[in-house]
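So the chains spell out like this:
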Amino acid sequence: MSVYSHRPVVPGPQNRIIEMLDAIRAEFDQLARDVYVNKTEKETIEHKMSNQLQEMHNFQQNLLEIERQQQAMKKQYEEEIARLRQQLEQAQVRAGHPPMPPGSSSNSNSNSNNTSNAAHPPPPHHQQQQQQQQQQQPPSIGPGSNYFGGIMNAHGNGSSQGPPGLMAPPQAGDHALPPHYPPSSQAPPPPPGSAPGYMNGSSQAKYNEGYGYPPRGPAPGTPSSSHAVPIPNDPAGTPKRKSASSMNGPGMPPGPPPPPSSNNAMVPARPKPPMGPTTPSGLADVDPDTVPPSMKVEGRDWFALFNPKTPRYLNVDLLHSIDHPSVVCCVKFSADGRWMAAGCNRATYIYDVQTAHLHCMLQDDSVQKDGDLYIRSVCFSPDGKYLATGAEDKQIRIWDIAQRQIRNVFRGHEQDIYSLDFSRDGRVIVSGSGDRTVRIWSMTEQKEMHCIPIQDLDQKDPGVTSVAISPDSRLVAAGSLDKMVRVWDIQTAQPLERLEGHKDSVYSVAFMPDGRTLVSGSLDKTIKMWQLGTGGDSRSYGMDRDRSKGPCKMTFTGHKDFVLSVACTPDGNWIVSGSKDRGVQFWDPRSGQTQFMLQGHKNSVISVAISPSGRRLFATGSGDNRARIWSYEPLA
């Protein structure tokens with residue numbers, strides 16, 4: 001029997017498990033090495049990315065620093081140019097020569113001609129003809145006119161004339177009319193001139209962003225600004241503007257008085273009443289660098305200079321700055337001081353005064369979308385439920401603010417509406433228009449009460465630019481292109497006052513809180529304060545009172561360009577004015593002195609408004625597309 005086994009030798013189960021574990025271990029080690037390599041590559045890439053991000057951050061910081069340095073250098077150069085220009089103008093004035101416009105140059109021929117002319121002046125009639133040829137066109141507020149372009153642009157297009165409109169009489173005195181000016185809070189009418197590149201507050205020419213000095217000539221182009229509010233539908237392309245020949249800026253030699261027209265040739269000239277005292281020039285000529293720190297307040301893009309010749313009583317500060325898609329034509333507070341309305345192109349915006357948040361936008365979607373439709377005047381009802389708006393389409397819309405809907409529309413004016421005002425009792429609203437009428441509307445009966453036409457035979461074109469109702473709701477005052485301020489009885493529409501004294505169109509009127517003093521601002525660069533009556537009833541406002549001293553109590557001078565808007569504080573302690581010189585000034589009505597001059601806009605201050613109650617606030621609207629809310633607090 002054989003003992004040899006024919007079965008194959010098979011390894012034991014334990015050896016097989018060991019081999020499998022060794023294979024798994026080898027595969028794991030390989031994966032571990034791959035993970036380590038990948039981790040190392042990831043760390044390398046992250047390190048490179050971190051270095052690149054740091055380099056980009058450093059590059060961005062360098063760019064920001066270079067930009068800040070460039071802006072500072074630009075502002076420094078602009079201030080130096082403005083200072084040198086001012087010194088040159090002053091030197092030319094002292095030498096008896098008219099200031100030379102920017103960019104003009106002289107040569108030997110012109111110098112010799114000037115010398116020859118000085119030695120042998122032309123005959124007086126020849127001088128008069130030359131000056132009349134240089135006289136600018138009077139402002140037009142007729143249909144189709146637009147008065148935003150020139151105040152935002154330094155040069156107009158003198159190639160054509162727009163459609164004929166309501167024309168102001170030729171200007172006289174010591175000033176000259178630059179091109180267009182925009183509406184004030186009492187919505188002034190447009191002068192001629194055009195800005196083809198201007199559309200909704202932007203211009204082809206970038207405006208100088210410095211605030212160092214007010215302008216010495218027509219206001220430059222408006223810069224484009226970021227829009228913090230919804231943009232209403234605007235047509236594509238630039239709308240057609242009226243154009244006129246270029247105008248002389250401030251500081252040019254005055255033109256001769258205009259010859260009498262055929263209309264007033266038959267009217268005998270009346271002696272003008274005494275003008276009252278005139279206050280000295282304000283702070284527009286003061287160099288900010290020479291003012292001590294205690295008489296100066298500065299912000300990021302604004303500053304205020306206090307008058308070193310009078311005690312300082314106030315402090316001023318910027319609370320809110322609100323950008324808009326177009327020129328801010330008018331601003332107004334509600335009676336409780338809670339809301340502020342701003343009228344722009346095609347839309348009116350209402351803001352919470354405390355937070356500057358947009359409460360609502362009021363826009364009539366039924367009007368045509370083509371062209372511009374500037375809201376030239378806004379006014380809250382005393383209870384704050386309604387807002388009245390006046391626009392270029394000759395209609396007064398009464399908005400229900402809570403419903404965001406039009407409650408009713410007043411129609412009747414034949415030209416653009418420039419100014420609105422509510423009575424304190426809310427029963428009456430007054431409007432002024434380029435159709436030479438003041439209209440009084442009943443809010444309770446929803447109809448027109450009176451239409452007051454201005455039909456003075458000795459006045460050529462008395463288009464109404466501004467209206468105001470007295471605090472007792474008994475009087476209505478109006479300023480007009482014919483340089484007059486008129487006052488009527490609001491119930492009977494009987495004329496009570498006809499105030500003469502301004503040398504150019506009156507663009508804004510406002511009552512003092514006592515209801516018997518009236519303030520007016522004019523294109524003659526002055527503000528006047530008028531005494532209306534001396535008795536205790538409406539009869540004292542007639543012509544039977546003593547006028548031996550004249551109705552003008554005081555004339556405030558200091559603005560360097562058109563006064564576009566005036567307002568009075570509720571306590572009667574201050575008169576506030578906004579001007580085409582981009583400045584706002586606070587005036588003391590007792591002394592006639594400027595308390596401070598505020599430079600806080602890059603373009604004309606078209607509108608100023610005072611909060612009637614609550615905190616001491618005022619608002620400004622400007623051609624730079626901004627509305628700003630400021631505080632004026634007494635010094636502690």
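The structure we're discussing is the one just above.
Calculation criteria
- Residues numbered from 1 in each chain as written.
- Predicted model: local features only at pLDDT ≥ 70, side-chain atom pairs only at ≥ 80, totals over all residues.
- Heavy atoms only, no water.
- Helix = DSSP H or I, 4+ residues; strand = E, 2+ residues; numbered from the N terminus.
- Areas by Shrake-Rupley, 256 points an atom, 1.4 Å probe, with all protein chains shown as cover.
- Salt bridge = Lys/Arg side-chain N within 4 Å of Asp/Glu carboxyl O.
- Buried < 20%, exposed > 50% of the residue type's maximum accessible area, 1.4 Å probe, protein only.
- Pairing = 2+ DSSP bridges.
- Core = buried A, V, L, I, M, F, W, Y, C linked by side-chain atoms within 4.5 Å.
- Contact = heavy atoms within 4.5 Å.
- Polar contact = N/O pair within 3.5 Å; in protein donor to acceptor, adjacent residues only side chain to side chain.
- Phe/Tyr/Trp six-rings, centres within 6.5 Å; stacked < 30°, edge-to-face > 60°.
- Lys NZ or Arg CZ within 6 Å of the ring centre and 35° of its normal.
- Patch = residues over 30% accessible without salt bridge, like charges linked within 9 Å, V, L, I, M, F, W, Y side chains within 5 Å.
- Axes fitted to C-alpha atoms, helices over the stretch in contact; angles between N-to-C directions.

K.L.:
Looking at this structure, how should I read the overall build of the chain?
P.N.:
Within the chain one finds 4 helices and 30 strands. As displayed, the chain offers around 30,500 Å² of accessible surface, 53% of which is attributable to carbon and sulfur atoms.

K.L.:
Teacher, can you tell me more about the pattern of salt bridges here?
P.N.:
When their charged atoms lie close together, side chains carrying opposite charge are able to pair. Within the structure shown, the criterion is met by 23 salt bridges. We note a salt bridge from Lys369 to Asp365, for which the minimum N-O separation is 4.0 Å. Asp472 is the partner of Arg474 in a salt bridge, and the nearest nitrogen-oxygen pair spans 3.4 Å. Residue Arg474 is classed as partly exposed on the basis of its relative accessible area of 31%. Given a relative accessible area of 36%, Asp472 falls into the partly exposed group. Members of the salt-bridge network, linked through shared partners, are Arg300, Asp301, Asp323, Arg626 and Arg628.

K.L.:
Could you clarify how one ought to interpret the pairing of strand β22 (residues 526–531) in this entry?
P.N.:
Across a regular strand the side chains alternate sides, sitting on one face of the sheet and then on the other. Judged by how many residues are buried, β22 sits mostly within the fold: 5 of 6 residues are covered. Note that strand β21 (residues 517–522) and β22 share 5 bridges and pair antiparallel. Considered in β22, the bridge of Leu518 is made with Trp530. Here β21 hands over to β22 after 3 residues, with Lys525 in that stretch at a positive phi of 75 degrees.

K.L.:
Would you mind going over the nonpolar core with me for this structure?
P.N.:
Buried together is how nonpolar side chains tend to be arranged in soluble globular proteins. Core analysis: the largest hydrophobic core is formed by 25 residues, its most contacted members being Ala304, Val316, Phe586, Phe596, Leu598 and Phe618. Contributions of two or more residues to this core are made by β2 (303–306), β3 (314–323), β26 (583–587), β27 (594–599), β28 (605–610) and β30 (626–634). What Phe596 contacts, discounting residues up to four positions off in sequence, is Leu283, Ala304, Leu305, Phe306, Leu314, Val316, Val584, Gln585 and Phe586. In this structure, Val327, Val367, Val378 and Leu387 belong to the second largest nonpolar core, which totals 19 residues.

K.L.:
I keep staring at the side chain of Ser611 and nothing clicks. Help me out?
P.N.:
In this fold, Ser611 is placed in the loop between β28 and β29 (617–622). With relative accessibility at 3%, the residue Ser611 sits in the buried group. Here the side chain of Ser611 touches Ser613 through a polar contact of 2.9 Å, landing on its backbone oxygen. The residues contacting Ser611, other than those within four sequence positions of it, are Phe333, Gly337, Pro570 and Leu617.

K.L.:
Please clarify how the packing of aromatic side chains should be interpreted in this entry.
P.N.:
For the structure on display, the rule yields 10 aromatic pairs. Judged by centre distance (6.5 Å) and plane angle (25 degrees), the ring pair of Tyr349 and Tyr351 falls under stacked. Accessibility classification places Tyr349 together with Tyr351 in one group, the buried group. Joined through ring pairs, the aromatic side chains of Trp302, Phe306, Phe586, Phe596, Phe618, Trp630 and Tyr632 make up one cluster. Its end group placed over the ring of Phe306, Arg312 keeps NZ or CZ at 3.9 Å from the ring centre. Sitting over the ring of Tyr386, Arg407 keeps its end group 4.6 Å from the ring centre.

K.L.:
Help me understand a nonpolar patch on the surface, please; the structure alone is not making it clear to me.
P.N.:
Residues Ile17, Leu21 and Ile24 make up a contiguous nonpolar surface patch of about 300 Å² in total accessible area. With respect to the secondary-structure elements, Ile24 resides in helix α1 (residues 13–94).

K.L.:
Which parts of the structure should I look at to understand unusual backbone geometry?
P.N.:
One non-glycine residue, Arg346, lies in positive phi territory at about 75 degrees. Judged by relative accessible area, which is 5%, Arg346 ranks as buried. Backbone geometry at Ala493 places phi at a positive 65 degrees, although glycine is not the residue there. Note on Ala493: relative accessible area 17%, which makes it buried.

K.L.:
In this structure, what is going on with the sheet that holds strand β20 (residues 506–511)? I would like to understand it.
P.N.:
Strands in a sheet are paired, the pairing made by backbone hydrogen bonds, and the direction either parallel or antiparallel. With respect to topology, 4 strands assemble into an open sheet ordered β20-β21-β22-β23, the strand pairing being antiparallel. At either margin of the open sheet sits one strand with a lone partner, and together these are β20 and β23 (552–557). With direction set aside, neighbouring strand axes in the sheet form an average angle of 20 degrees.

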